[in-house]
Amino acid sequence: MFRYEENTMSHSSPTHRKGPDLKKFLEKFPVIELPFSLTDEHKLEFSQFNDPLTLDELEAYILPHENEHDEFTEYVACIRYPDTKDFHALVYWKAGLLKHEYILATYTLDGRLIDRKPLSGLRSQSDIIVQSVATLETDWMIHIVEGEGSADLHSYEALESRLIQLELLADGRILVI
């Protein structure tokens, strides 16, 4: 895993700056077969088998688009969508102190961000734990099931789970349906 230890970037600029080789960055995200489910258990596999992201790669392709991070935040390269011809679609894992999540980010062929959406993960909100799982489908639909329970793990209401649907569009935008 990579731990970001320096907060020197200006995060207000949405533009991509010259930096590390985009091809090398993309190679850290193995192409997967769809359908694929992103669960909490996968994060260990990704951190063990995928090459770590460098500080230069983070500063060029991820951190300019992250609002919440500090010296304890970790980023791990996870997967890349297959068959995207006009853009790149990557999933990375972001872990902070009370929140960790898989994030889908799409980029132009030259590395500029098109869109970004959290997919699944776990977050703590006071005495409530919110957990979600995402399934990436072959038709580029993304189904997210989100549920919450008490932090003491004694109560969980499955009937109160929410279904969220996203669609990855042919131009790289991510649409909430």
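Residues numbered from 1 in each chain as written. Predicted model: local features only at pLDDT ≥ 70, side-chain atom pairs only at ≥ 80, totals over all residues. Heavy atoms only, no water.

Colleague: Just checking my understanding: could you explain the pattern of salt bridges for this structure?
Modeller: For the structure shown, the criterion picks out 10 salt bridges. Lys-99 is paired through a salt bridge with Glu-68; the nearest N and O atoms lie 3.6 Å apart. Of the two residues, Lys-99 sits in strand β5 (residues 99-107) while Glu-68 sits in the loop between α3 (55-62) and β3 (74-80), which places them 31 residues apart along the sequence. The class for Lys-99 is partly exposed, based on a relative accessible area of 30%. For Asp-171, the salt bridge identified is with Arg-173, shortest N-O distance 2.7 Å. Residue Asp-171 is classed as partly exposed on the basis of its relative accessible area of 39%. Members of the salt-bridge network, linked through shared partners, are Glu-66, Lys-94 and Arg-116. (Salt bridge = Lys/Arg side-chain N within 4 Å of Asp/Glu carboxyl O. Helix = DSSP H or I, 4+ residues; strand = E, 2+ residues; numbered from the N terminus. Buried < 20%, exposed > 50% of the residue type's maximum accessible area, 1.4 Å probe, protein only.)

Colleague: Before we go on, may I ask you to explain the confidence of the model for the chain in this structure?
Modeller: Should the pLDDT be low somewhere, the predicted coordinates at that spot are not to be read in detail. For the chain, per-residue confidence averages 86 on the pLDDT scale, and residues scoring 70 or more make up 85% of the total. The low-confidence segment residues 1-17, where pLDDT is below 50, has 45 contacts with residues more than four positions distant or belonging to other chains. (pLDDT = per-residue confidence, 0-100. Contact = heavy atoms within 4.5 Å.)

Colleague: Just checking my understanding: could you explain the nonpolar core for this structure?
Modeller: For soluble globular proteins, the rule of thumb is that nonpolar side chains tend to be buried together. One finds Leu-38, Ile-79, Tyr-81, Leu-119 and Ile-142 to be the most contacted residues of the largest nonpolar core, which totals 26 residues. Mapped onto this core, the elements with two or more residues apiece are β2 (36-38), β3, β4 (88-95), β5, β7 (128-136), β8 (141-150) and β9 (162-168). Contacts of Ile-79, omitting those with residues within four sequence positions, involve Phe-29, Pro-30, Ile-32, Phe-36, Leu-38, Phe-46, Ala-89, Leu-90, Val-91 and Leu-136. Residues Phe-25, Tyr-75, Leu-90 and Tyr-107 belong to the second largest nonpolar core, which totals 17 residues. (Core = buried A, V, L, I, M, F, W, Y, C linked by side-chain atoms within 4.5 Å.)

Colleague: So what exactly am I meant to see when it comes to the packing of aromatic side chains here?
Modeller: For any pair of aromatic rings, the description rests on two quantities: the centre-to-centre distance and the angle between the ring planes. As enumerated under the stated definition, the model contains eight aromatic pairs in all. Aromatic side chains Phe-25 and Phe-29 sit 5.2 Å apart centroid to centroid with 65° between the ring planes, which places their arrangement in the edge-to-face category. Linked through ring pairs, Phe-25, Phe-29, Tyr-61 and Tyr-107 together constitute an aromatic cluster. (Phe/Tyr/Trp six-rings, centres within 6.5 Å; stacked < 30°, edge-to-face > 60°.)

Colleague: How should helix α2 (residues 42-49) be read in this particular structure?
Modeller: Working note: α-helix, 3.6 residues per turn, so residues spaced by three or four point in the same direction. Looking at α2, one finds that the buried residues are His-42, Phe-46 and Ser-47. Looking straight down α2, one finds its buried side chains confined to an arc of 130°; they lie on one side. Those residues of α2 that are exposed and angled more than 90 degrees off the buried face are Leu-44, Gln-48 and Phe-49. Tucked into the core, α2 has its buried residues touching β2, β3 and β5. (Arc of directions from axis to C-beta.)

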